[in-house]
Amino acid sequence: ELLERVRKGGGEKAILRHTQRNQKLFVRERLRLLLDAGEFLELSPLAGLEMPYGDVPAAGCLTGIGKICGVWCVFVASDATVKGGTIYPIGVKKQLRAQEIAMENRLLSVHLVDSGGAFLPLQSELFPDKLHGGRIFYNEAVMSAVGIPQVAVVCGSCVAGGAYVPTMAEESVIVDHIGTLFLAGPALVKAATGEDVSPQDLGGAKLHSQTSGCTDHFAASEEEALECIRNVVWSLNWEPLPEQGREHDRPLYSPEELLGLAPLHYGSTLPVKLILSRLVDGSRFQEFKAHYGTTLVTGFAHVEGHLLGIVANNGQLAHDAALKGSHFVQLCGQRGIPILFLQNTAPQPAGPASIPQAHSNRLKAQASMMAAVACAAVPKITIVLGGCFGSDSYAMCGRSFSPNFLFLWPNARVALVDPRHLPSAPPAGDRDCAGGELELNQLKANFISDFFSLTCCFYCAFFNILSRLEEESSAFYSSARLWDDGIILPQDTRKV
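Below you will find a few notes about this structure. Predicted model, so just to flag it, every value in this text is computed and none were measured. (Residues numbered from 1 in each chain as written. Predicted model: local features only at pLDDT ≥ 70, side-chain atom pairs only at ≥ 80, totals over all residues. Heavy atoms only, no water.)

Take Thr493: it is sitting in the segment after helix H19 (475-480). Judged by its relative accessible area of 7%, Thr493 is buried. In terms of polar contacts, Thr493 uses its side chain to reach the backbone carbonyl oxygen of Pro490, at 2.7 Å. Beyond its immediate stretch of four places on either side in the chain, Thr493 contacts Leu279, Ile383, Trp409 and Ile488. (Helix = DSSP H or I, 4+ residues; strand = E, 2+ residues; numbered from the N terminus. Buried < 20%, exposed > 50% of the residue type's maximum accessible area, 1.4 Å probe, protein only. Polar contact = N/O pair within 3.5 Å; in protein donor to acceptor, adjacent residues only side chain to side chain. Contact = heavy atoms within 4.5 Å.)

The following block contains the structure:
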């Protein structure tokens, strides 16, 4: 339902205005004409929903990975039906993440620009800091310097800082009548100089193709522009990545069954081998240290013909499990084998973990695993199957450990602590906190009404915190803020 809502961009009325009155193609139609036939991977489609400044469906731009003329590329396509193409802070973050993916994987970058510029009331969250809007242009320069091609199509308004995106690309195309490129639009020119000037005269396709030279190709229509950019990609001499030639086996158990296996209750963990048997080719899994540290499953398998090292939670990440994980991750690093992390943080039982010595040993082992994960110079993909909490998340390559991609199942929970593991009510009888039994009794005797009033407030605040933790740990809250690369259905995990 949410995905269907996001696919409509700014809504049916906005799409009609965009396509009928403004005579432009909808962003998804542009991508259909640009990309090779077949599916593409859309990244973070739920970004921007229910933000403090309102809904910004898909953060106002579509990003993803697809093929153009057989070449894998990252695309960033503005959706002008969302807030008129205005750029919000979450939109900047989404574009920066797309550039990061392009740089990490050395993928061609394609921009379809149709933007109204930054949302000025939020300029303090868009402009001044290191990872704000200006970083997009910095990344373009760095990508060009290391030989990663970038191309752009100006298929609408391209105002203010956004005008640098096509200007800094290696080749750009501008569409006649609808494509414009300027630092300040006609309204600001009128306010500053009193001069009336049309958008096309100020920064239209003919001006930039024939006079300024800011764009390299002129197109009479969007269809022609998108065909032109496909020809540009074809002429880049950018070799397509080699495809895996040999056939691969399907799992013995249907991946469709993963939907029914997705854990909904975190009081216990699902045996992760049930997941693996529906995920890896031929359901074949070469397990590493099968009888040691059994609450972490490690081993080698193929997924869609690609050899992977797999690290999967199968319970609490205790001392032995963390040492085993550290050893296995180092092996993968030495052999150059990509690693797939399957996160499902287990509840922390009250017992041996509460003993100082056991806790210290576990701490040292997890620190060792964190170091191994951080230093492993191989591609890393993390999928959160259930819980993603605390230090276990770090050791299992959470977002702060920079996996190449991180996806969530819809049931996933992401937080520092699991609200289900907090006490159901705050403690009521700590003598030290009350200042001693005598003072507490005196307080009860003299200020009984105030005491009950304060207690009620304390309980309300406590349960408000629990409620907030529950809300903020949901997969949808995480994905809206780009803490991941998107929510995927369990049965689509192999394809992704």
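There's plenty left to go through after this.
Okay, the packing of helix H4 (residues 89-105) against helix H5 (residues 134-145) next. Relative orientation of the contacting elements H4 and H5 amounts to 15 degrees, with a least axis distance of 10 Å. By the angle between their directions, the pair H4 and H5 is classed as roughly parallel. The handedness of the crossing between H4 and H5 comes out as left-handed. For the pair formed by H4 and H5, the contact residues are Gln95, Leu96, Gln99, Ala102 and Met103 on the first element and Arg135, Ile136, Asn139, Glu140 and Met143 on the second. Partitioning the contact of H4 with H5 into residue classes produces five nonpolar, three polar and two charged. (Axes fitted to C-alpha atoms, helices over the stretch in contact; angles between N-to-C directions. Parallel < 35°, antiparallel > 145°, perpendicular 65-115°, else oblique. Left-handed = near helix turned anticlockwise from the far one by under 90°. Nonpolar A, V, L, I, M, F, W, Y, C, P; charged D, E, K, R; others polar.)

Bringing the pairing of strand S11 (residues 339-343) into the picture now. Consecutive residues of a regular strand have side chains that alternate between opposite faces of the sheet. Most of S11 is tucked away: five of the five residues are buried. The alternating pattern of S11 places Ile339, Phe341 and Gln343 on one face and Leu340 and Leu342 on the opposite face, and all of these are buried. As paired strands, strand S10 (residues 306-313) and S11 are joined by four bridges and run parallel to one another. Considered in S11, the bridge of Val311 is made with Phe341. (Pairing = 2+ DSSP bridges.)

This next bit is on the packing of aromatic side chains. One pass over the full model with this rule turns up nine aromatic pairs. Look at Tyr88 and Phe119: their rings are 4.6 Å apart centre to centre, the planes differ by 20 degrees, and that puts the pair in the stacked class. Pair noted here: Tyr88 is in the loop between strand S3 (71-78) and H4 and Phe119 is in the loop between strand S4 (108-115) and H5, with a separation of 31 residues, a long-range link. Judged by its relative accessible area of 26%, Phe119 falls in the partly exposed class. Ring centres of Tyr394 and Phe401 lie 6.3 Å apart, and the angle between their planes is 25 degrees; this geometry places the pair in the stacked category. A relative accessible area of 34% places Tyr394 in the partly exposed class. Taking the ring centre of Tyr292 as reference, the NZ or CZ of Lys289 above it sits at 5.4 Å. One residue, Arg481, lies across the ring of Tyr477, its end atom 3.6 Å from the ring centre. (Phe/Tyr/Trp six-rings, centres within 6.5 Å; stacked < 30°, edge-to-face > 60°. Lys NZ or Arg CZ within 6 Å of the ring centre and 35° of its normal.)

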